[in-house]
Amino acid sequence: MLVIGFPTGALQANCFVLATGAGGPCVVVDPGQDAVEPVTEALREHRLSPVAVLLTHGHFDHTFSVAPVCDGNDVPAWIHPDDREMLSDPLKGMSAQSRAAFFGGKLEMREPREVRELADGAELDLAGLRLTVDHTPGHTGGSVMFRAGTEEGGRLVLSGDTLFAGSIGRTDLPGGDHREMLTSLRTKVLTLADDTVVLPGHGPTTTIGRERVSNPFLLELGSPGAPDAPHRGL
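Reference entry: report on the structure contained in this document. (Residues numbered from 1 in each chain as written. Predicted model: local features only at pLDDT ≥ 70, side-chain atom pairs only at ≥ 80, totals over all residues. Heavy atoms only, no water.)

Examining the sheet that holds strand β7 (residues 123-126)
Phase 1 of the analysis: Ordered in space as β7-β8-β9-β10-β13-β14, the six strands form an open sheet in which the pairing is mixed. The open sheet is flanked by β7 and β14 (206-207), the only strands paired with a single partner.
Phase 2 of the analysis: Sheet topology places β7 next to strand β8 (residues 129-135); four bridges connect them, and they run antiparallel. Among the inter-strand pairings, Leu124 is bridged to a residue of β8, identified as Leu131. (Pairing = 2+ DSSP bridges. Helix = DSSP H or I, 4+ residues; strand = E, 2+ residues; numbered from the N terminus.)

Next up, the structure:
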């Protein structure tokens, strides 16, 4: 599998391009702020043709460029219905401080021409890849992860802002829910195999095994003394 990743925008949200190999179809995951140019360059360099854009959740730092990337390549965007409103009203997912700091309370976005909705457990066959959708509410109501296997026998998960290397997504923004996050971590993250490679929404790549033994939020899951998540992303 060909995996191309790069951080985008002021909040350094990770955008990924996935394909079975160069010179074929691909999917783009989370084209955030200022993502159009690096996505276009990755497609050109590896001779790739996108067939879809996948969104792990609706926050603007992951969706800012979804309309130009989708419409410019005539492909649909996939997002969970609980976060779809944020495609056209991104302020719904932002704190008052973030609104003022980034855009002075004004941010106009629109849906791409074609939007398809994700469901928990759905199997997506796109660009020669089979991706399983896991609904993981907590960071937002419509947060999802995408799981995939590779021809080489490996496993990976695009975790969005549900899981990071050493941390988890914040739950204090509109639509966030700490109790739901804990449930998602127990039922959708800790059930994954240790050798699963994690491609997170921010920060470096990691593995489930590494996080299981070192991530304080996973180590203390279920403990009344579990730490609060440091702010990452919005």
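Describing the pairing of strand β9 (residues 144-149)
Phase 1 of the analysis: As defined by bridge partners, β8 adjoins β9 across five bridges and the pair is classed as antiparallel. Counterpart to His135 in the pairing with β9 is Val144.
Phase 2 of the analysis: Sheet analysis places β9 next to strand β10 (residues 155-160), joined by four bridges and oriented antiparallel. Bridge pairing in β10 links Gly149 to Arg155.

Some thoughts on the nonpolar core
Most often, soluble globular proteins keep nonpolar side chains buried together rather than apart.
Phase 1 of the analysis: In terms of nonpolar packing, the biggest core is built from 23 residues, with Ile4, Val17, Val39, Leu48, Val53 and Val66 touching the most fellow members.
Phase 2 of the analysis: Looking at this core, the elements that each hand over two or more residues are β1 (2-8), β2 (13-19), β3 (25-29), α1 (36-46), α3 (66-73) and β5 (77-79).
Phase 3 of the analysis: In this structure Val53 touches Val28, Pro31, Val66, Val69, Cys70, Val75, Pro76, Ala77 and Trp78, once residues within four positions along its chain are discounted. (Core = buried A, V, L, I, M, F, W, Y, C linked by side-chain atoms within 4.5 Å. Buried < 20%, exposed > 50% of the residue type's maximum accessible area, 1.4 Å probe, protein only. Contact = heavy atoms within 4.5 Å.)

Considerations on the environment of Arg47
Phase 1 of the analysis: Here Arg47 shows up in the loop between α1 and β4 (49-54).
Phase 2 of the analysis: Distance from Arg47 to Gly23, taken between C-alpha atoms, is 4.5 Å for residues 24 residues apart in sequence.
Phase 3 of the analysis: Apart from residues lying up to four places away in sequence, Arg47 is in contact with Ala22, Gly23 and Gly24.

Quick notes on the pairing of β2
Phase 1 of the analysis: Of all seven residues in β2, seven are buried; the element is thus mostly enclosed.
Phase 2 of the analysis: Counting the residues between successive antiparallel strands, the hairpin from β1 to β2 contains four residues, one of them, Gly9, with a positive phi of roughly 75°.
Phase 3 of the analysis: In this sheet, β3 lies alongside β2 in antiparallel orientation, the contact comprising three bridges. Opposite Phe16, over in β3, you have Val29 as the bridge partner.

A few points about the side chain of Thr196
Phase 1 of the analysis: Looking at where Thr196 falls in the secondary structure, it is placed in the loop between α6 (178-189) and β13 (197-200).
Phase 2 of the analysis: At 2.9 Å, the side chain of Thr196 forms a polar contact with the backbone oxygen of Ala193.
Phase 3 of the analysis: Apart from residues no more than four positions distant in its own chain, Thr196 is found in contact with Arg155, Leu156, Val157, Thr206, Thr207 and Ile208. (Polar contact = N/O pair within 3.5 Å; in protein donor to acceptor, adjacent residues only side chain to side chain.)

Brief notes about α6
Phase 1 of the analysis: Within α6, the full set of buried residues consists of Met181, Ser184, Leu185, Lys188 and Val189. Within α6, the buried residues cover an arc of 110° as seen down the axis, which keeps them to one side.
Phase 2 of the analysis: Contacts made by the buried residues of α6 are with β8, β9, β11 (163-164), β12 (167-168), α7 (208-214) and α8 (216-219).
Phase 3 of the analysis: Its side-chain oxygen at 3.0 Å from the backbone nitrogen of Arg179, Asp177 defines the N-terminal cap of α6. (Arc of directions from axis to C-beta.)

A closer look at the side chain of Ser184
Phase 1 of the analysis: Structurally, the position occupied by Ser184 is in helix α6.
Phase 2 of the analysis: The class for Ser184 is buried, based on a relative accessible area of 3%.
Phase 3 of the analysis: With residues near it in sequence (within four places) discarded, Ser184 still touches Thr136, Pro137 and Val189.

Overview of the sheet that holds β1
Phase 1 of the analysis: Taken in spatial order, the six strands of this open sheet run β1-β2-β3-β4-β5-β6, and their pairing is mixed. Only two strands of the sheet have a single partner each, and these edge strands are β1 and β6 (115-117). Neighbour-to-neighbour, the strand axes of this sheet turn through a mean angle of 25°, independent of strand direction.
Phase 2 of the analysis: With seven bridges connecting them, β1 and β2 associate as antiparallel partners. Of the residues in β2, the one forming a bridge with Val3 is Leu18.
Phase 3 of the analysis: Sitting on the sheet, α1 is in contact with β1, β2, β3 and β4, with an inclination near 155° to β1.
Phase 4 of the analysis: Contacts between α3 and the sheet are confined to β4 and β5, with β4 contributing the most and set at about 145° to the helix. (Axes fitted to C-alpha atoms, helices over the stretch in contact; angles between N-to-C directions.)

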